[in-house]
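Commentary on secondary and tertiary structure
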Amino acid sequence: MRRLSTWMCLLGLCCANVFAAQVIVNSSVEIANISPKDLKLIFAMQKLYWSDGQKIHVFVLPSNSPIHEEFCYQQLEMMPYVLRHRWDRLVFSGVGERPVTLDSEAQMREKVASTPGAIGYVSGGGGALAVEAGIERQGGQDEAEH
């Protein structure tokens, strides 16, 4: 019985990574990989420009979206309400703004593909960086520095 529960845990961990939320960026962004630290800074609205000087346009899904929650937990390693609190603090202090909230993954793909310098996330497998209809996709946890 103990061996079965061990295998179930391992299977669960493998499957969790396969269905992890994926970061996507517009193809105008010349970047092969985004470090976990930079990803946190970008989505906390603290890093505003790519290394080439291009403005970063951040798109997110609604806070109650399962994909948004998964992205916050797995990619940013923070609770969604903590991220929202950071955005609120920037807005209320007058030094920053919230990212643009979109209604669906389809809208996310469309906006990121059509906005130079854009970044967002969608659900998907844990694959390597790939180009898809004007969008570059970065893999999940396997590329993070843990």
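One can find the structure itself at the top, above this paragraph.
Owing to the predicted nature of the structure, the values given are computational and were not obtained by experimental measurement. All chains use their own residue numbering, which begins from 1 and follows the written sequence. Side-chain atom pairs in this predicted model are given and counted only at pLDDT of 80 or more, local residue features only at pLDDT of at least 70, and totals for whole chains, interfaces and linings cover all residues. Each side-chain value is worked out from all heavy atoms of the structure, with water and hydrogens disregarded.

In terms of helices and strands, the chain carries 5 helices and 6 strands. To qualify as a helix, a DSSP run of H or I must reach at least 4 residues; to qualify as a strand, a run of E must reach at least 2; elements of each kind are numbered from the N terminus. Walking the chain from its N terminus toward its C terminus, one meets helices and strands in the order α-β-α-β-α-α-β-α-β-β-β. Relative accessible area decides the class of each residue, using a 1.4 Å probe on protein chains only: under 20% of the type maximum gives buried, over 50% gives exposed, and in between gives partly exposed. The 146 residues of the chain split such that 36% are buried. Should any heavy atoms of two residues lie within 4.5 Å, those residues are counted as being in contact. Nonlocal contacts in the chain, meaning residues at least 24 apart in sequence, comprise 66% of its contacts between residues at least 6 apart. For accessible areas, the Shrake-Rupley method is used with a probe of radius 1.4 Å. Any residue's cover is judged against the shown protein chains and nothing else. Accessible surface computed for the chain: about 8300 Å², of which carbon and sulfur atoms make up 58%.

What follows deals with the nonpolar core. The nonpolar core is taken to be a set of buried Ala, Val, Leu, Ile, Met, Phe, Trp, Tyr and Cys residues, with the residues joined through side-chain atoms within 4.5 Å. In this structure, Phe43 and Ile119 are the most contacted members of the largest nonpolar core, which totals 31 residues. If near-sequence neighbours (up to four positions away) are discounted, phenylalanine 43 is found in contact with Val58, Phe59, Val60, Phe71, Leu76, Leu83, Trp87, Ile119, Gly120 and Tyr121.

The residues that make up patches have over 30% relative accessible area and no salt bridge, and they are joined within 9 Å when like-charged or within 5 Å when they are Val, Leu, Ile, Met, Phe, Trp or Tyr. Salt bridges are defined as contacts in which a side-chain nitrogen from Lys or Arg sits within 4 Å of a carboxyl oxygen from Asp or Glu. On the surface, Tyr73, Met79 and Tyr81 cluster together into a nonpolar patch covering about 320 Å² of accessible area. By secondary structure assignment, the location of methionine 79 is in the loop between α3 (66–76) and α4 (80–93). The class for methionine 79 is partly exposed, based on a relative accessible area of 36%.

Inspection of the entire model under this criterion finds 3 salt bridges. Of the charged contacts in the structure, one is a salt bridge between aspartate 38 and lysine 47, with a shortest N-O distance of 3.5 Å. Residue lysine 47 is classed as partly exposed on the basis of its relative accessible area of 24%. Between arginine 98 and aspartate 88 there is a salt bridge; the shortest N-O distance is 2.7 Å. With arginine 98 in the loop between α4 and β3 (100–101) and aspartate 88 in helix α4, this pair connects stretches of sequence that are 10 residues apart.

Another point: the side chain of glutamine 54. Here glutamine 54 shows up in the loop between α2 (36–43) and β2 (57–60). Between N or O atoms, a polar contact is any pair within 3.5 Å; within protein, one atom must be a potential hydrogen donor and the other a potential acceptor, and residues adjacent in sequence are included only when both atoms are from side chains. Polar side-chain contacts of glutamine 54 include one of 3.2 Å to the backbone nitrogen of glycine 117. Leaving out residues up to four positions away in the same chain, glutamine 54 has contacts with Ser28, Val29, Leu48, Tyr49, Pro116 and Gly117.

This next bit is on the packing of α2 against α3. Between two packed helices, what matters for the description is the angle formed by their axes and the separation of those axes. For the pair α2 and α3, interaxial distance at closest approach is 10 Å and the crossing angle is 140°. In terms of orientation, α2 and α3 fall into the oblique class. Contacts from Leu39, Lys40 and Phe43 in α2 reach Phe71, Gln75 and Leu76 in α3. Of the residues that constitute the contact of α2 with α3, the class distribution is 4 nonpolar, 1 polar and 1 charged. Axis angles are defined between N-to-C directions and span 0 to 180 degrees, where every axis is a line fitted to C-alpha atoms and, for a helix, only to the segment in contact. Reported orientations rely on four angle classes, namely roughly parallel under 35 degrees, roughly antiparallel over 145, roughly perpendicular from 65 to 115, and oblique for the rest. Side-chain classes follow a simple rule in which Ala, Val, Leu, Ile, Met, Phe, Trp, Tyr, Cys and Pro form the nonpolar group, Asp, Glu, Lys and Arg form the charged group, and the remainder, Gly included, forms the polar group.

In this structure, methionine 45 is a non-glycine residue whose phi angle is positive, near 65°. Structurally, methionine 45 is set in the loop between α2 and β2. With relative accessibility at 12%, the residue methionine 45 sits in the buried group. The phi dihedral of glutamate 77 falls on the positive side, at around 55°, and the residue is not glycine. Tracing the chain through its elements places glutamate 77 in the loop between α3 and α4.

On to α4. Every α-helical turn comprises 3.6 residues, leaving residues that sit three or four positions apart pointing alike. Over its 14 residues, α4 runs 20 Å from end to end, which matches the ideal 20 Å to within 8%, given 1.5 Å per residue. Here the buried face of α4 lies against α2, β2 and α3. Positive backbone phi, at 85°, marks glycine 94, one or two positions downstream of α4. One less than the number of residues in a helix, times 1.5 Å, gives the span that helix is expected to have.

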